[in-house]
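# Coordinate inspection notes
Residue-level listing of the chains:
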Amino acid sequence: MDHVLIFDTTLRDGEQSPGATMTSSEKLELARALSRLSVDVIEAGFPAASPDDLYAVRRIAEEVGLQDQPPIICGLARTHTADIDAAWKAVEPAARPRIHTFLATSEIHMKHKLRMEPEEVIERVIEMVRYARSLCDDVEFSPEDACRSDPEFLYIVLEEAIKAGATTLNIPDTVGYTTPKEFGGLITGIYEHVPGVEEVILSVHCHDDLGLATANTLAGIQAGARQAEVTINGIGERAGNTSLEEVVMALHTRQPVYSLSTRIDTTQISRISKLVSNYTGILVPPNKAIVGANAFAHEAGIHQDGMLKNELTYEIMRPETVGLTQSKLVLGKHSGRHAFKVRLKELGYELEDDDLARAFRRFKTLADKKKVITDADLQALLADELYQPPEVFALEGLQVACGTMDMATATVRLSGPEDTRHVQAAIGTGPVDAAYKAIDEIVGAPNILLEFSVHAVTEGIDAQGEVTVRIQGEDAPAAPNAQRNTSQLRTYGGYGADTDIIVASVKAYLSAINKLLAEEWPRGEGVVAAQAGAARKVESSVPAEAPK
Ligand code: KIV
Ligand code: ZN
């Protein structure tokens, strides 16, 4: 087979990155984008983790899983019947459902984590793969920590999994420990020693603890694996997973070396990278391969000179191939909705009428302030206007006074649940600090600001600023009658864009707060209690090193 299946696990392993929590609407939007990217499999989540997770996966199965030529929709399950039932319940509506079940096979995991004997592990795998197969024709099995497992034991487990009905065997380097040579050797060993392996798809799943995830994945593919498990921007547990864009572009750019193809529409890569960064609040480092801001920038004079003479001197792939267009859309007050819609379509956005109308209104406002609207501006505008969590609190107005007098003041007007309006003023170390304090006073959901970053979308004094924040819910006493879910302190990313960076900062903070409220204050009870005046005064949670 000269084709590598791309199994995207951004919504499952990627979402396990600290702070990568996404709302169920964001997950659905991301699944739509993954489908446009033409991934073969979407691992949409871990349905047994919570009813919300199950619901999010099921929504994806019902919509994306029923499109024309849909991707496979996969749900992860431990080797327990309850997990497998939850995964099946979530993926069942899809035209092409898959259950992915896993159990550790390394001595260290079996002994200390599972407290199971090797024979018990084999029995459990047989029983649970069989059970999953009784529900679903497409079953993937992963021996967790495969790379630190005894190969002879691993071969037996894999053989039994095939006999029990597994259709894909995934080999994870769970802790990112292996080297490319070792990993390629492991895949070769599996081909040589596991009877029946030629009847199933062999898959690879690498973590990046030593920065070797992409190299290991490619070594696995060269040894015969035909499914690569990856995430957008390489997000995932700890140092992350293999990044989709790196594997796909390596296979694409070095086609003569690999002689393998994928179904991926590479022109969607930049856009989906941005979407994931916006939703998770996890920024892409500027020097990140393929999707970093500097990946196609040439700074040194010698390089620039070479580029001007012939792009091939320093460019091994065209930016257009990954969807980075240089085109500038010069639209202003007189520009029409049709041109706007066409450009969005070229960029891969097909919006419903309502969303298009909202985006167009925003575009007109921006065109009043900014002469040249670039593709990057359009992407920031859509991210800010459309791809936001449901708003519990929304910004209605902001006024700040700041300068050198140490008295930065912000007045914030928010709309809240049940059509309420709230106005609050606060003083801070700078305008952002003051505005965040005012918001904290209104909302009453204590949190810690973990990260704040601002950057210009384009060059020029009239550029839009985009702000990304990450906050963590604080374990504070709940307001009377509030049902706060404090089982785990999670982090939430928020994104905002505006030509005024203080406005962008406030939008980003509210976007993160709205996610926190949806997750930790279910049904808004905390919010309502806070508003009824029962709430405590919330101490400002913006740390000293917060942006001024
Ligand atoms: O890294 C890992 O081992 C996993 C498995 C669940 C496949 O994510
Ligand atoms: Zn993993």
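Our structure is the block above this text.
Description of the structure in this document. From a predicted model like this one, the values you see are computed outputs, not experimental measurements.

### Remarks on the site of ligand 1
If you check the shell around ligand 1, you find Arg 12, Asp 13, His 100, Phe 102, Ser 142, Glu 144, Asn 170, Pro 172, Thr 174, His 205 and His 207 and nothing else. Within the side chain of Arg 12, a nitrogen or oxygen atom sits 3.0 Å from an oxygen atom of ligand 1. Here Asp 13 contributes a side-chain N or O atom positioned 3.1 Å from an oxygen atom of ligand 1. In isolation ligand 1 has 260 Å² of accessible area, and contact with the protein removes 95% of it. At the level of secondary structure, the elements contributing two or more residues to the shell around ligand 1 comprise β4 (97–104), β5 (139–144) and β6 (168–173). Looking at the shell around ligand 1 residue by residue, the classes come out as two nonpolar, six polar and three charged.

### Considering the sheet that holds strand β15 (residues 465–473)
By way of backbone hydrogen bonds, the strands of a sheet pair with one another, either parallel or antiparallel. Spatial ordering of the open sheet is given by β14-β15-β16, a layout of three strands whose pairing is antiparallel. The open sheet is flanked by β14 (447–456) and β16 (491–498), the only strands paired with a single partner. This sheet shows a mean twist of 15° between the axes of neighbouring strands, independent of strand direction. Sheet analysis places β14 next to β15, joined by nine bridges and oriented antiparallel. Looking at β15, one finds that His 455 is bridged to Glu 466.

### Quick notes on the packing of helix α6 (residues 151–164) against helix α7 (residues 180–193)
What describes two packed helices is the angle between their axes and the distance between those same axes. Taken N-terminus to C-terminus, the directions of α6 and α7 make an angle of 55°; their axes are 10 Å apart at the nearest point. It follows that α6 is oblique to α7 by the angle criterion. The handedness of the crossing between α6 and α7 is right-handed. Listed contacts from α7 to Leu 154, Tyr 155 and Leu 158 of α6 are Leu 186, Gly 189, Ile 190 and His 193.

### Some points on the sheet that holds strand β11 (residues 394–401)
Here three strands make up an open sheet; going across it, the order is β11-β12-β13 and the pairing antiparallel. At either end of the open sheet lies a strand with only one pairing partner, and these are β11 and β13 (420–428). Taking the axes of each pair of neighbouring strands and ignoring which way they run, one obtains an average angle of 15° across the sheet. As judged from the seven bridges shared by β11 and strand β12 (residues 408–416), these two strands associate in the antiparallel manner. Directly across from Val 400, in β12, lies its bridge partner Ala 410. Lying over the sheet, helix α17 (residues 501–520) contacts β11 and β12, oriented at roughly 140° with respect to β11.

What counts, and at which threshold
Residues numbered from 1 in each chain as written. Chains lettered and ligands numbered in written order. Predicted model: local features only at pLDDT ≥ 70, side-chain atom pairs only at ≥ 80, totals over all residues. Heavy atoms only, no water. Near = heavy atom within 4 Å. Polar contact = N/O pair within 3.5 Å; in protein donor to acceptor, adjacent residues only side chain to side chain. Areas by Shrake-Rupley, 256 points an atom, 1.4 Å probe, with all protein chains shown as cover. Helix = DSSP H or I, 4+ residues; strand = E, 2+ residues; numbered from the N terminus. Nonpolar A, V, L, I, M, F, W, Y, C, P; charged D, E, K, R; others polar. Pairing = 2+ DSSP bridges. Axes fitted to C-alpha atoms, helices over the stretch in contact; angles between N-to-C directions. Parallel < 35°, antiparallel > 145°, perpendicular 65-115°, else oblique. Left-handed = near helix turned anticlockwise from the far one by under 90°. Contact = heavy atoms within 4.5 Å.

Any functional reading would require information that these geometric values do not contain.
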